[in-house]
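# Chain and residue survey
For reference, the chains in residue letters:
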Amino acid sequence: MAKRDYYEVLGVSKSASADEIKKAYRRLAMKFHPDRNKDDKGGSEKKFKESKEAYEVLKDAEKKATYDQFGHDGLRAGQGRHGGFQSAEGFGDIFGDVFGDIFGGGRRGGGGPQVFRGADLGYELKLDLEKAVAGDTVEIDVPTQVGCGSCDGSGAKKGTTPETCSTCGGAGQVRMQQGFFSVQQTCPACKGVGTTISDPCNECHGRGRIRKTRTLSVKVPPGVDDGDRIRLSGEGEAGRNGGPAGDLYVELRVSKHKIFERDGANLACEVPISFKTATLGGEVELPTLDGHVSLKVPAGTQSGKTFRLRGKGVTTVRDSRQGDLFAQVAVETPINLTSEQQELLEKFDASLRTGGDKHSPRADGWLDTVKRFFDRIS
């Protein structure tokens, strides 16, 4: 019985990325694992093995290239060791050229020494809310790998130069022959660099890079928020063998504010007010990031009431429109009363009770609701 197409088995297209192939396999492995299908162990085990076989080929760049070019027959041929084919006239050379094109290089051409891009770096920058909203320029110290100045990044002692690798001839790769299949891989002697160093630099010990702390200036645009990232191109670790430097990603962490909480372009805060102000009304001074404003509190304001002050929020890096400020009032309960104050409060409360629900509509309504609840369950 002919084998199914591996892409069909995993349910992905030929243009699927390595990550998509991996996710598809994991989904099928979970679905068809024999331990999860004990009632149909035979059928599920077959599908599990089929998906595993497909994944083992498609996750490997070299095997995937072979399969895309020659299908299942190409993979079967590569598994054998038919030494006689190599000596057939022109046969080994033909396949060597074909697979040299697939795997990036050839016996006759040579790809030259490999270069390596420097690693990307991450840095966590803490800001207070005011600087995040207004923007700032901040200097940071970043420990990183930079090119060695003593040897100009070559790794060889000053006055000497790296020597061409005798194993790969400077190509950085070697060709492995298996039957009539010819595959290239990184040179084990020079690790793909293409050169070896017999007299290493005293400062970097042949690595071509040294660890150093650099001071960089980071421009923080106005309106950034917690979790935003700033990319500094080329400010990561230095590359090797002439490769480009990596990037530096500065992740912003906005510290918790003592007064405000931020939600995008809006701000929120809690405003304590006195019992007298809540009862009779009045004005309270309210802080904003632009200065103080006056908030009018109407008579009879209940604790938890939220007031919206339009245009008193902030802008964001994605939207220049000013957000709003939401101020929630919290009525403070008086504490540490004198005996005289306690007596006055008792008299005041007694006078309120004579008015019934006129003065406390929420309390009376709540008590009626509680009474109906207990009457229903009794």
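In this report, we go over the structure that sits alongside the text.

Quick notes on the rules
Residues numbered from 1 in each chain as written. Predicted model: local features only at pLDDT ≥ 70, side-chain atom pairs only at ≥ 80, totals over all residues. Heavy atoms only, no water. Helix = DSSP H or I, 4+ residues; strand = E, 2+ residues; numbered from the N terminus. Contact = heavy atoms within 4.5 Å. Salt bridge = Lys/Arg side-chain N within 4 Å of Asp/Glu carboxyl O. Buried < 20%, exposed > 50% of the residue type's maximum accessible area, 1.4 Å probe, protein only. Disulfide = S-S within 2.5 Å. Phe/Tyr/Trp six-rings, centres within 6.5 Å; stacked < 30°, edge-to-face > 60°. Lys NZ or Arg CZ within 6 Å of the ring centre and 35° of its normal. Pairing = 2+ DSSP bridges. Expected span 1.5 Å × (residues − 1). Arc of directions from axis to C-beta.

A few words now on the overall build of the protein. In terms of helices and strands, the protein carries ten helices and 15 strands. Long-range contacts, defined here as pairs at least 24 residues apart, represent 63% of the contacts in the protein between residues at least 6 apart.

Looking at the secondary structure, you find L28 in helix α2 (residues 18-32). Measuring from C-alpha to C-alpha, the distance between L28 and K52 comes to 8.9 Å, with 24 residues separating the pair along the chain. The residues touching L28, leaving out its near neighbours within four places in the chain, are V9, L10 and S51.

Moving on to the pattern of salt bridges. On inspection of all chains with the given rule, the structure shows 23 salt bridges. Residue K52 pairs with E56 through a salt bridge whose shortest N-O separation is 3.7 Å. Of this pair, K52 and E56 both sit in helix α3 (residues 41-58), four residues apart, which is roughly one turn of the helix. Exposure remark for E56: the relative accessible area of 30% places this residue in the partly exposed category. A single salt-bridge network, built from bridges that share partners, covers R117, D120, R231 and D247.

A full pass over the atoms with the stated rule returns zero disulfides. Left unpaired, C165 is separated from the closest cysteine sulfur, that of C168, by 3.7 Å. Owing to a relative accessible area of 2%, C165 belongs among the buried residues under this scheme. Take C204: it sits in no disulfide, and the sulfur closest to it among the cysteines is that of C151, at 3.7 Å.

The subject of this paragraph is the packing of aromatic side chains. Taken as a whole, this structure holds four aromatic pairs when the rule is applied. For the pair Y6 and Y67, a centre-to-centre distance of 4.8 Å together with 35° between the ring planes defines the contact as tilted. Taken together, the residues Y6 in helix α1 (residues 6-10) and Y67 in helix α4 (residues 61-79) connect sequence positions 61 residues apart. Taken as a pair, Y6 and Y67 share a single burial class, namely buried. Where Y7 meets Y67, the ring centres are 6.1 Å apart and the plane angle is 40°; that geometry is what we call tilted. Highlighted residues: Y7 in helix α1 and Y67 in helix α4, separated in sequence by 60 residues. The pair Y7 / Y67 is uniform in exposure class, with both members buried. By the ring-pair criterion, three or more aromatic residues cluster together here, those being Y6, Y7 and Y67. The ring of F307 is capped by K305, whose NZ or CZ atom sits 5.8 Å from the centre of that ring.

To continue, consider the pairing of strand β11 (residues 266-273). Only one face of β11 is buried, namely the one carrying L267, C269, V271 and I273, since none of N266, A268, E270 and P272 on the opposite face is buried. By the bridge criterion, three bridges tie strand β10 (residues 261-263) to β11 in an arrangement that is antiparallel. The partner of D263 across the bridge, within β11, is N266. Turn length for the β10-β11 hairpin, with the two strands adjacent in sequence and antiparallel, is two residues, and the turn residue G264 shows positive phi of about 65°. For β11 and strand β15 (residues 325-331), the ladder comprises seven bridges, and the chain directions are parallel. When the bridges of β15 are listed, I273 appears paired with V331.

Attention now goes to α2. For α2, built from 15 residues, the straight-helix expectation of 21 Å at 1.5 Å per residue is met to within 8% by its first-to-last C-alpha distance of 21 Å. Listing the buried residues of α2 in full gives I21, A24, Y25, L28, A29 and F32. Buried positions in α2, seen along its axis, are confined to an arc of 135° and lie on one side of it. Exposed residues pointing more than 90 degrees away from the buried face of α2 are listed as K23, R26, R27 and K31.

On their own, these measurements won't tell you what the molecule is for.
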